[in-house]
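# Residue-level structural notes
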Amino acid sequence: MAPPLPSPSMAPPGLIHSAPGLLDTCALPQPPAAATMSGPAAETPSAIQICRIMRPDDANVAGNVHGGTVLKMIEEAGAIISTRHCNSQNGERCVAALARVERTDFLSPMCIGEVAHVSAEITYTSKHSVEVQVHVMSENILTGTKKLTNKATLWYVPLSLKNVDKVLEVPPVVYSRQEQEEEGRKRYEAQKLERMETKWRNGDIIQPVLNPEPNTVSYSQSSLIHLVGPSDCTLHGFVHGGVTMKLMDEVAGIVAARHCKTNIVTASVDAINFHDKIRKGCVITISGRMTFTSNKSMEIEVLVDADPVVNNFVKRYRAASAFFTYVSLSPEGKSLPVPQLVPETEDEKKRFEEGKGRYLQMKAKRQGQAETQA
């Protein structure tokens, strides 16, 4: 099988102590995972759990834990288990690099003072990629109450420590049932196809507009410029995937707040694709624009461009892209109607219709799941 996910954003090398505030990291006994290790890999746990208490500096303006903080924790757990697995056999050492995050739903808000339990397990491997599924539970340590807040699927590829442009082979896993491998292969092929379909957007650039009208795309579009420093990077000089996701969520939140002028929270994140690595010293521009609004939700497209200002031989390039969905909240935390977006140009109208299609598709999927469970 050909390497599916070249040139991803670098993920952390699996040193949990590099993340401030993480209280515990352990390989805990887990329920039977979708994939189990065999041979030399058997000594490497196929599931891990990390825990962290939520502090005041993790809060958004509404007082809940920032969605970007949750995304960063999810990526840290995925990076640890995938890097461990990819180094579980004798051979060239590597670091697991985040290449894609599937749709992630924020099922319930997490509060300051609660403990986040982030569980990750390997569910599928191809020749050059690892699928990791992550669940996030929040725990009120005063009452003992726990609730599921997030579910996510991430894809990693192993990059050689000697040459980070070289994708290595992934140690295989053994499945307890043949159906699990077949289902995993279907997910692999689906994300590979979707990833290819996003590449056509890579030439898009979000330009500022003077004196835009309220409720238009130009009125709320926003950009953040960030110089990549050592604290953003792995030991090998590339940006952590979780750092990039957190910055993307911040920009999407600014766009949503400017549009509706209320408190906003992240409801979900569509697939995040990492198209290329971001190196230390780059200046990155994270740009966001509104693409679609329903009665109570907003879709924001976020693009990440990297400019290697200290390297004249490398031009500015598209590093990552994603769609975020936000909802508007009252001061009491109740859902509010969203001002309807007014697309002006033909491109904006086209993006609006594409966003409407994604919204209706996901709505139908949720209704189907609800009928199945009923």
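Cut-offs used in this document
- Residues numbered from 1 in each chain as written.
- Predicted model: local features only at pLDDT ≥ 70, side-chain atom pairs only at ≥ 80, totals over all residues.
- Heavy atoms only, no water.
- Helix = DSSP H or I, 4+ residues; strand = E, 2+ residues; numbered from the N terminus.
- Buried < 20%, exposed > 50% of the residue type's maximum accessible area, 1.4 Å probe, protein only.
- Contact = heavy atoms within 4.5 Å.
- Areas by Shrake-Rupley, 256 points an atom, 1.4 Å probe, with all protein chains shown as cover.
- Expected span 1.5 Å × (residues − 1).
- Axes fitted to C-alpha atoms, helices over the stretch in contact; angles between N-to-C directions.
- Parallel < 35°, antiparallel > 145°, perpendicular 65-115°, else oblique.
- Left-handed = near helix turned anticlockwise from the far one by under 90°.
- Nonpolar A, V, L, I, M, F, W, Y, C, P; charged D, E, K, R; others polar.
- UniProt positions renumbered as here; feature names shortened; annotations may be inferred.
- Polar contact = N/O pair within 3.5 Å; in protein donor to acceptor, adjacent residues only side chain to side chain.
- Pairing = 2+ DSSP bridges.
- Phe/Tyr/Trp six-rings, centres within 6.5 Å; stacked < 30°, edge-to-face > 60°.
- Salt bridge = Lys/Arg side-chain N within 4 Å of Asp/Glu carboxyl O.

The next thing to look at is the overall build of the protein. Broken down by element type, the protein carries 5 helices and 17 strands. When the 374 residues of the protein are sorted by exposure, 52% land in the buried category. Look at the contacts in the protein between residues 6 or more apart in sequence, and 76% of them connect residues 24 or more apart. When the accessible surface of the protein is totalled, it reaches about 17,300 Å², and 54% of it is carbon and sulfur.

With 28 residues, helix H5 (residues 346–373) extends 41 Å from end C-alpha to end C-alpha; this agrees with the ideal 40 Å at 1.5 Å per step. Looking only at H5, the buried set comprises Glu 348, Arg 351, Phe 352, Gly 355 and Met 362. Those residues of H5 that are buried are in contact with helix H3 (217–220), strand S14 (283–293) and strand S15 (298–307).

The next point concerns the packing of helix H1 (residues 67–86) against helix H4 (residues 241–260). At a minimum axis distance of 8 Å, the contact between H1 and H4 shows a crossing angle of 165°. Taken together, the axes of H1 and H4 are roughly antiparallel relative to one another. Relative to H4, the crossing made by H1 is right-handed. Where H1 abuts H4, its residues Gly 67, Gly 68, Thr 69, Leu 71, Lys 72 and Glu 75 lie against Gly 241, Gly 242, Val 243, Met 245, Lys 246 and Asp 249. Grouping the constituent residues of the contact of H1 with H4 by class yields 3 nonpolar, 5 polar and 4 charged.

To continue, consider the UniProt feature "active site" (unreviewed entry) in the protein. Per the UniProt record, "active site" (unreviewed entry) is found at Asn 60 and Asp 249. Of the residues just listed, which span 190 residues, no C-alpha pair is farther apart than 11.1 Å, and they cluster in one region. Asn 60 has contacts with Val 65, His 66 and Val 265, leaving out every residue within four places of it along the chain. Checked against the element boundaries, Asp 249 lands in helix H4. Using a relative accessible area of 2% as the deciding quantity, one classes Asp 249 as buried. With residues near it in sequence (within four places) discarded, Asp 249 still touches His 66, Gly 67, Gly 68, Leu 71, Thr 266, Phe 324 and Tyr 326. A distance of 3.1 Å separates polar atoms of two side chains, one belonging to Asp 249 and the other to His 66.

Further remarks concern the pairing of strand S4 (residues 47–53). Each regular strand shows side chains that alternate between the opposite faces of the sheet. Here S4 lies mainly inside the structure; 6 of its 7 residues are buried. Both S4 and strand S7 (residues 115–125) contribute to a ladder of 7 bridges, which runs antiparallel. What sits directly across from Arg 52, in S7, is Ala 116.

To continue, consider the environment of Leu 341. Of note, Leu 341 is situated in the loop between strand S17 (335–336) and H5. The spacing of Leu 341 and Met 290 is 51 residues in sequence and 7.8 Å in space, taken between C-alpha atoms. Not counting residues within four places of it along the chain, the set of residues in contact with Leu 341 comprises Asn 215, Thr 216, Val 217, His 259, Met 290, Thr 291, Phe 292, Thr 293 and Phe 352.

One pass over the full model with this rule turns up 6 aromatic pairs. Look at Trp 155 and Tyr 188: their rings are 6.0 Å apart centre to centre, the planes differ by 55°, and that puts the pair in the tilted class. Of this pair, Trp 155 sits in strand S9 (residues 146–160) while Tyr 188 is found in helix H2 (residues 178–198), placing the two residues 33 residues apart along the sequence. With a centroid separation of 5.5 Å and 40° between ring planes, the pair formed by Phe 292 and Tyr 359 is classed as tilted. Residue Phe 292 is found in strand S14, and its partner Tyr 359 is found in helix H5; the two are separated by 67 residues along the sequence.

Here we come to the pattern of salt bridges. For the structure on display, the rule yields 18 salt bridges. Linking Lys 166 and Glu 92 is a salt bridge whose minimum nitrogen-to-oxygen distance equals 3.1 Å. Taken together, the residues span a long stretch of sequence, with Lys 166 in the loop between S9 and strand S10 (174–175) and Glu 92 in the loop between H1 and strand S5 (94–101) at a distance of 74 residues. Judged by relative accessible area, which is 37%, Lys 166 ranks as partly exposed. Accessibility expressed as a relative area gives 30% for Glu 92, which makes it partly exposed. Here the salt bridges do not stand alone but share partners, grouping Arg 100, Glu 102 and Glu 194 into one network.

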